[in-house]
Amino acid sequence: MRLLVSVVDATEAALAVAGGVDVVDVKNPAEGSLGAPVPAVVEQVRDALPAGLPLSVAIGDLPALPGTAALAAFGAARAGADYVKVGLWGASTVDEAVAVLRAARAAVDGAAAVVAVTYADAERVPSRPLPPRELVTAARAAGVHGCLLDTSVKDGRGLLHWLEPGALSVIVADAHDAGLEVALAAELRAEDLPTVRATGADIAGVCSAACRDGRRTAPLDPARIAGLMR
């Protein structure tokens, strides 16, 4: 299992690199769980990473509008993303999700890997995003690279509050059977990582756990990242 750490700019990216992270993810939390950064920030983060270190970019909690997803994915790939994370915020059905994901995949045209994202707490989101149990079905049908489970609301109730380890293991196994890579995130703490690893997930994503005192508003702490890596 690899460790992904989310950052908001090049300064935080440098701290993540110092901690030995496997994947750097850039997003804009001010615009939501998968808030999209502006292209200039993506380019600056890309320039702050050593060659070969993957960059993941969130392109937003998106409506069920394939054209919007396509343009956002295209921009992220052109700015240097290796992974483009598509938040299926407004896609309530598999068909809607597939349309959005296929548009993003076509737009990047192999320049980046598209990752389908839905929310472990989808049941409390007014837009009724795609339920977690249908994420693999949509990602497989769309022909994208992988899946990510996150949460929409950051209130301390993370992934393991909403989905039990057994349910997560089933989702991961189904994704692997479909040839998909799987990332699990959503306010994971250091003590959660063994449980996440036991599900078979390929990537664990953290944010606040990598910050000083475990507070998302505090600076990233390379020592904490190194501890998470261990």
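From a predicted model like this one, the values you see are computed outputs, not experimental measurements.

Caption draft 1: Summary view of the overall build of the protein chain. Of the regular secondary structure elements, the protein chain holds nine helices and eight strands. Over its C-alpha atoms the protein chain spans a radius of gyration of 16 Å, differing by no more than 12% from the 17 Å that the globule rule assigns to 230 residues. Principal axes of the C-alpha set define a box for the protein chain whose edges measure 45 × 40 × 30 Å. Expressed as a percentage of the 230 residues in the protein chain, the buried residues total 52%. Counting only contacts in the protein chain whose residues sit at least 6 apart along the sequence, the fraction spanning at least 24 positions is 66%. Total accessible area on the protein chain stands at roughly 9,500 Å², and carbon and sulfur atoms take up 53% of it. Side-chain charges in the protein chain split into 20 positive and 27 negative, and the spacing between the mean points of these groups amounts to 2 Å.

Caption draft 2: Examining the pairing of strand S7 (residues 181-184) more closely. By the alternation rule, side chains of S7 split into Glu181 and Ala183 and Val182 and Leu184, which are all buried. Both strand S6 (residues 146-150) and S7 contribute to a ladder of four bridges, which runs parallel. Of the residues in S7, the one forming a bridge with Cys147 is Val182. Pairing between S7 and strand S8 (residues 203-206): two bridges, direction parallel. In the strand pairing of S8, Leu184 is matched with Ala204. As a crossover connection, the stretch from S7 through helix H8 (residues 193-198) into S8 is right-handed.

Caption draft 3: Quick peek at the nonpolar core. With 70 residues, the main nonpolar core has Val24, Val86 and Leu88 as its most contacted residues. Per-element accounting of this core gives the leading share, six residues, to helix H4 (residues 94-108). Those residues in contact with Leu88 that sit more than four places away from it in its chain are Leu62, Ala97, Val100, Leu101, Ala116, Val117, Tyr119, Pro129, Leu130 and Leu135. Counting residues in each nonpolar core, the second largest holds 14 residues, with Tyr83, Ala113, Leu148 and Ile203 among its members.

Caption draft 4: Region of the structure containing unusual backbone geometry. Within the chain, Asp109 stands out as a residue other than glycine whose phi angle is a positive 50°. With respect to the helices, strands and loops of the structure, Asp109 is situated in the loop between H4 and strand S5 (113-119). For Arg128, which is not glycine, the phi dihedral falls at a positive 55°. Positionally, Arg128 belongs in the loop between S5 and helix H5 (135-142). Arg128 gets classed as partly exposed once you look at its relative accessible area, which sits at 47%.

Rules and cut-offs
The numbers attached to residues start from 1 for each chain and follow its sequence in the written order. Residue-level local features of this predicted model are given only where pLDDT is at least 70; pairs of side-chain atoms are given and counted only at 80 or more, and the full residue set underlies all totals for whole chains, interfaces and linings. Computation of side-chain values covers all heavy atoms of the structure but excludes hydrogens and water. In DSSP terms, a helix is any run of H or I states spanning at least four residues, a strand is any run of E spanning at least two, and both are numbered starting from the N terminus. Radius of gyration here is computed from C-alpha atoms only, and the compact-globule reference equals 2.2 Å multiplied by the residue count raised to the power 0.38. Burial status follows relative accessibility: with a 1.4 Å probe on protein chains alone, a residue under 20% of its type maximum counts as buried, one over 50% as exposed, and anything between as partly exposed. Should any heavy atoms of two residues lie within 4.5 Å, those residues are considered in contact. Shrake-Rupley sampling with a 1.4 Å probe provides the accessible areas, and residues are treated as covered by the protein chains on show and by no other component. The positive count covers Lys and Arg only, the negative count covers Asp and Glu only, and His and the chain ends enter neither. Positions of charges follow a simple convention, taking NZ of Lys, CZ of Arg, CG of Asp or CD of Glu. Two strands qualify as a pair provided DSSP detects at least 2 bridges between them. By the criterion used throughout, a crossover qualifies as right-handed when its path from the first strand across the helix to the second strand runs clockwise, the strands pointing away from the viewer. Only buried residues count toward a nonpolar core. Its members are Ala, Val, Leu, Ile, Met, Phe, Trp, Tyr and Cys residues joined through side-chain atoms within 4.5 Å.

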